[in-house]
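# Descriptive analysis of the structure
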Amino acid sequence: MQITVNGQTQELTVQDNTLLIDLIRDQLHLTGTHSGCDTTQCGCCTVLMDQVAVKSCTILARQAEGASIQTIEGLALQDLHPVQEAFSQEHGLQCGYCTPGMIMSTVYLLQRYPNPSDEQIKEGLAGNICRCTGYVNIIKAVKSAAKKMQETKA
Amino acid sequence: MNSPKELLRKEDLRLITGHGKFTADWSYEGMCHAYMIRSPYAHAVIKKIDYQQVLKAPGVIRVITAEDVQQAGMKSLPTGSTMQNPDGQNQVLTPMPVLATDKVRFVGQPIAMVVADTYEHAKHAAELVQMDLDVLEAVTDYEAATQSQAPQLHEQANGNMSLHFIKGDQAATEKAFEQATFVSSMGVKSQRLIGSPMELRAVVGKYDPVTERYIVHTPNQGMLGMLGALEHITGISKAQIDLQTQDVGGSFGIRGGAFSESVLVMLASKLLGKPIKWVGTRSEIFLSDWHGRGLDLNGFIALNENGKILGMRFENKADLGAYTCYFGSFIGARNVSITMNGVYDIPAVSMSSELYFTNTVPVSAYRGAGRPDIAYAIERLIDHAAFEHGFDPIELRRKNFIQPHQFPYNNQIGSVYDCGEFDRLLTRALEMSDYQNFEQRRAQALQNNKLRGIGLAYFLEASGAGTAPKDQVLGQFAKEGILRIYAVTGASGQGHETSFAQIVHEKIGLQTNQIEFVAGQSDKVMVGSGTGGSRTLYGAGSAVFNLCEQVLEKSKALAIQLLNTKEDKLHFSNGSWTNTETGEALTLAQMVQKTFVEGQPHALNATGEASSGATYPNGCHVAEVEIDPDTGVTEIIQYIAVDDVGVAISPALVQGQIHGGIVQGIGQAFFEQAVYDETGQLLTGSFMDYAMPRAGCLMNIKTEKIEVPTKNNILGSKGVGESGCSGSLPTLSNAVINALRPKGITELDMPFTPAKIWAALQDH
Amino acid sequence: MNTFQYHLTNHLQLAKDIFVSNENARFLSGGMTLLPSMKHGLIQPDHLIDVSKIPDLQVLKETSDHLIIGAAVKHDQVANNPMVQSAIPGLAYLASQIGDPQVRARGTIGGSIANNDPSADYPAGALALKAMMVTDRRDIAAEDFFTGFYSTALEEGEILSQIKFAKPIKSAYAKFKQAASGYALAGVFIAVYPDQEIRVTVTGVGAGVFRWTEAEQAFLNPKMKPSIERDDLISDLHAPSAYRVNIAQVLFKKAAQQIQNN
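Residues numbered from 1 in each chain as written. Chains lettered and ligands numbered in written order. Predicted model: local features only at pLDDT ≥ 70, side-chain atom pairs only at ≥ 80, totals over all residues.

This paragraph deals with the overall build of chain A. Broken down by element type, chain A carries 5 helices and 5 strands. Counting from the amino terminus, chain A carries its helices and strands in the arrangement β-β-α-β-β-β-α-α-α-α. In terms of overall dimensions, chain A is globule-like: its C-alpha atoms have a radius of gyration of 15 Å, near the 15 Å expected for 154 residues. With the C-alpha coordinates aligned to their principal axes, the bounding extent of chain A is approximately 40 × 35 × 25 Å. Among the 154 residues that make up chain A, the fraction classed as buried is 66%. (Helix = DSSP H or I, 4+ residues; strand = E, 2+ residues; numbered from the N terminus. Rg over C-alpha atoms; globule rule 2.2 N^0.38 Å. Buried ≥ 20, exposed ≤ 12 C-beta atoms within 10 Å, placed from the backbone.)

Moving on to the overall build of chain C. Of regular secondary structure, chain C possesses 11 helices and 14 strands. Relative to the compact-globule value of 18 Å for 262 residues, chain C shows a C-alpha radius of gyration of 18 Å, a close match. C-alpha atoms of chain C, sized along the principal axes, occupy 60 × 45 × 30 Å. The buried share of chain C, reckoned over its 262 residues, is 52%.

Let us now look at the sheet that holds strand β4 (residues 103-104) of chain B. All names here are of chain B. As summarised here, the arrangement of the 3 strands in space is β4-β2-β6, forming an open sheet in which the pairing is antiparallel. Here the strands that pair on one side only, and so sit at the sheet edges, are β4 and β6 (130-135). Here strand β2 (residues 44-50) runs beside β6; their pairing, made up of 6 bridges, is antiparallel. Following the sheet pairing, K48 is matched in β6 by D132. (Pairing = 2+ DSSP bridges.)

What follows covers the interface of chain B and chain A. How big an interface is tends to be expressed through the accessible area that disappears when the partners come together. Between chain B and chain A, the contact holds 48 residues from the first and 48 residues from the second. Among the elements that make up the side of chain B that touches chain A, the one with the highest residue count is helix α18 (residues 651-671) of chain B (7 residues). (Contact = placed C-beta atoms within 7 Å.)

Looking now at the domain arrangement of chain C. Taken domain by domain, chain C holds domain 1 (1-53) and domain 2 (170-261). A straight line from the C-alpha centre of domain 1 of chain C to that of domain 2 of chain C covers 34 Å. (Domains from an automatic or database assignment.)

Counting from both sides, the interface comprises 12 residues of chain C and, opposite them, 14 residues of chain B. Counting residues per element, the side of chain C that touches chain B draws most heavily on helix α11 (residues 241-261) of chain C, which supplies 4 residues. Classifying every residue of the side of chain C that touches chain B gives 9 nonpolar, 3 polar and no charged. (Nonpolar A, V, L, I, M, F, W, Y, C, P; charged D, E, K, R; others polar.)

On to the nonpolar core. Residues V114, V115 and V544 of chain B together with V188 and I190 of chain C are the most contacted members of the largest nonpolar core, which totals 374 residues. Top contributing element to this core by residue count: helix α16 (residues 536-562) of chain B, with 10 residues. Sequence-distant contacts of I190 of chain C, defined by excluding residues within four places in its chain, comprise A128, S171, A172, V200, F219, A255, A256 and I259 of chain C. (Core = buried A, V, L, I, M, F, W, Y, C linked by C-beta atoms within 7 Å.)

Before going further, it helps to examine helix α10 (residues 213-220) of chain C. Residue and element names in this part refer to chain C. The set of residues buried in α10 consists of A215, A218 and F219. Mapping the buried residues of α10 onto a view down its axis gives an arc of 105°, with all of them on the same face. Within α10, the exposed residues directed more than 90 degrees away from the buried face are T213 and L220. Against the buried residues of α10 lie β12 (184-193), β13 (197-203) and α11. (Arc of directions from axis to C-beta.)

With that out of the way, let us pick up the environment of L396 of chain B. Residue and element names in this part refer to chain B. The topology assignment puts L396 in helix α12 (residues 393-400). Counting along the chain gives 24 residues from L396 to G420, while the straight-line C-alpha distance between them is 18 Å. Leaving out residues up to four positions away in the same chain, L396 has contacts with G307, I382, A386 and F391.

Moving on, we get to the environment of A44 of chain B. Residue and element names in this part refer to chain B. Topologically, A44 is positioned in strand β2. When the C-alpha atoms of A44 and P693 are compared, they prove to be 35 Å apart, with 649 residues separating the residues in sequence. With residues up to four places along the chain from it excluded, the contact list for A44 reads S39, K103, V104, L133, D134, V135 and L136.

Below, the discussion takes up the domain arrangement of chain A. Residues and elements named next belong to chain A. Looking at chain A, the domain boundaries give domain 1 (2-74) and domain 2 (82-153). Here the C-alpha centroids of domain 1 and domain 2 sit 21 Å apart. Contacts between the two partners involve 16 residues from domain 1, matched on the other side by 13 residues from domain 2. Every element with two or more residues in the side of domain 1 that touches domain 2 is listed here: β3 (46-49) and β4 (52-55). Among the elements that make up the side of domain 1 that touches domain 2, the one with the highest residue count is β3 (3 residues). Of the residues assigned to the side of domain 1 that touches domain 2, the class counts are 8 nonpolar, 8 polar and no charged.

For helix α19 (residues 723-740) of chain B, with 18 residues, the first-to-last C-alpha span of 26 Å sits near the 26 Å given by 1.5 Å per residue. Burial analysis of α19 of chain B places 18 of its 18 residues in the buried class, the great majority of the element. (Expected span 1.5 Å × (residues − 1).)

Residues and elements named next belong to chain A. Taken in spatial order, the 5 strands line up as β2-β1-β5-β3-β4 in an open sheet, and their pairing is mixed. Edge strands, defined here as strands with exactly one partner in the open sheet, are β2 (8-11) and β4. Strand-to-strand twist across the sheet, computed as the mean angle between neighbouring axes with direction ignored, equals 35°. When β3 meets strand β5 (residues 68-70), the two strands line up antiparallel, connected through 2 bridges. Opposite L48, over in β5, you have Q70 as the bridge partner. Running over the sheet, helix α3 (residues 99-112) touches β3 and β4 and is turned about 40° from β3. (Axes fitted to C-alpha atoms, helices over the stretch in contact; angles between N-to-C directions.)

See below:
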């Protein structure tokens, strides 16, 4: 099947029961996307599929045929993405395990709400669990990233 | 990629770009996959296990069984320190076997490991096992475990009791209670929790038959502790095991020692001659990572007519789970006793603790390991005594604080507190929380049919003295002038690479991008404690400081040479030596570059070391909550945390630790509980039923630090990793009780779920 | 997950044919319920037939009296669609409260309704809004469709293709989430139709969605305090039934208030 990952279109052979996360991690060796639960709740596996945040642990690779997937590894181009910078600068990560998924969810959140309210941030991150930071600095990071991105546009 | 703008931590670049390396990220050519067969029953006799169908299943290579474990000469898992009573009575130990032999004692207990060519094949095959088990009655709580006809888990443990531990001065305490004007009691339950670090536990192992060495990748909290456990269980010398771990996704005390899966992967890699990977699923992790807490703490306080505390005692119960594993006993006996007077000057203290067994997952360390629990119990007791006997809860605390001149303070039950300025922190916390005007806010909220409460707690906890006699770090310069520092600590998000670089930068002026901190390299072994008990910053950090002192001293001699001058004409500042006569200057890096000889250790290399004793981080937290009586939902309006962590090396990281600990406390206070049914099935078996705090559970938090430097290490730093938990449990519970007390509710246990609060309100 | 064969088609008839000619087949829409069940081994189909690209199942349109939503329409589409927000705001809000953003990006209304989880949100909306379930072979009214605990009137191989909602004058949904799963510990939907026809439905409280007739009366008589007495009330480790009933009462008030305010 054909799939585009981080801008690269490729032909891959998958089993019908291969999950998108398995394709990403095991076949493409992009191990930045993580598995953290088995009930589709923790969000560590979040990637962007056609620019929409989805949980790659609950999508068959076949369902992603023809789609364009962006993983954490594909976020930074020449420079780090403002969301990545903000997460570091605001100390929105500690162990880093939930971070790729949290960052991808934030990118999607800011796409929909460039200047998000507290409620919109809470709602936007409702599908991502962090055990280390207590979320306080993650929320700061989201706001900082929003500001950075608005300044770039201006 | 262009060089990034200023990032906060050295760890960050790889983690925010998806280039961290966690255990499951390791892969080897020809790797096989393992899946565990676990007990479906809480208590059963194993009559027969038939693996025939498993072995015939597609892709299966082998099943590692209890027989294999026995043939390999493996011992059981370490039981941790053996608790002992003053009369010399030792606790009954019940070590957990790597794989169950005659009996299973908790749902999830490992029975066998299936190895196949793919994970799916291994999992599928495991389901075909045929187990002939005689199911026995299970016990899952204290009442059930200790009643006279209770089924006994272990032959050697009568009445399912491991030890009735006693400590302190019973006689003096009894006398204090006899003489007291006022006596109060408050029992609290610190419920069983499931730590749930986000990284799923995994092991990847590879055996080299030529060198007879094992490569093991698995999350850990410091290589020596993990190697020690692996060696203890397998009998394989540490020198034969190369433990390679880069990033660990949270540990919180759970990952200190080896699990069954760790040694089984090693064994399988040898028996099969292939690399083996095991990754747990979250549901499995719920049943196999050690659980946390599980303590009942019943406190009694004796006051004189002025509110001076004459004595305090505790009668505790500690659920060890099915086996004595690692830290469970230590927590339920030692940890809940050594700071049981909290921040108060109490002349007579004593405690007793029943350590008992149940058919549940064994309990070990989870962030705080007994110290948040005892802080919770003490501060609830103080609040309750104040309420019962008409004392102001703040003044009652103040008048009993250990005063600054009393330090170092020996609390006669296991701790010598280093230093503290409790009154100063309390005053600041009251200020920051606008405590004095709270009753107005309560009244206003009541007009909107909301119940507001304010809770204050002053906690103190013991940070670890460490398991090793001293901490060492190896400092080695590379030819570019980069300093590499090697240690045996084990970070899981604390930012050690950054903090230690900070120490070096501040002491000898090297730029942080010229400093690399590397822990856990097997060819760089030294003496030192792993990470646990909130001590790495001051433990290994003090060794780093000492390393810097040595480097500086050695560099002076080199500077004399390179700058062609005498000692009194030299000046060091900002990382450079300057010849004060000529003005010529060299940075340390330049000095190394000039004098580096390939293949030879550089003259400035050194081994830093330090002996750092326990420290006593403490703090005053205040929480204001608002409860909707119609739904029982609690909103945290404001949370104030004033903490004394001694000298803070990396303030942002310190704050991050406090946030994290507080929110884990919020988890325990409002959301989390491991629930078993009477047959021993874990009802909260996944995140569908075990509620974790989510973004937004804490929106309005202000933290402040007040540094009271400790003399117990060179840096003057106290620990901080677990303080957030110790502060938040009592603070949040006091706040909730404060909100509910006007309705006649004086006792309620965590988690304060909406349903529980609502039900309590209905009963009043 | 077990091994299975994946089929993708954008023809409804082909989907039916594939189902009929293969044993142990299941339809796949968003996969937010089916795939987790398969990962746990609870369901082990030999064939998965992906119906999410069939045009009939993707419609989102209205007539003067109805809103018609294709079974494969995703939750966030329903939540964010201006037509839905204007015609049945309660339904748009309901969809916005399902799961989390990632789940809403994939989960579908058809998948939810065909599953009939007693704590799911859509059944409350469907029953309140006199929904007609349009399948490949018949139309089934909501009260006949939801037959019990995780069960519906769908026959073997029957494909739910669209859901027709009767446009109400007013609508509102209020939900109290179970803290771990995000499902409804209780959820109450109110739909107001002409001639004082009030429909109030409850999810999360009983073995399946039900009409709360006392609340329907209470809506018109604010002095009444509606209670729920049923023998299938859910009590579990999260909350006893008494609490669920209490929350349903709170949610009813909240939803009713929203309707008064609009």
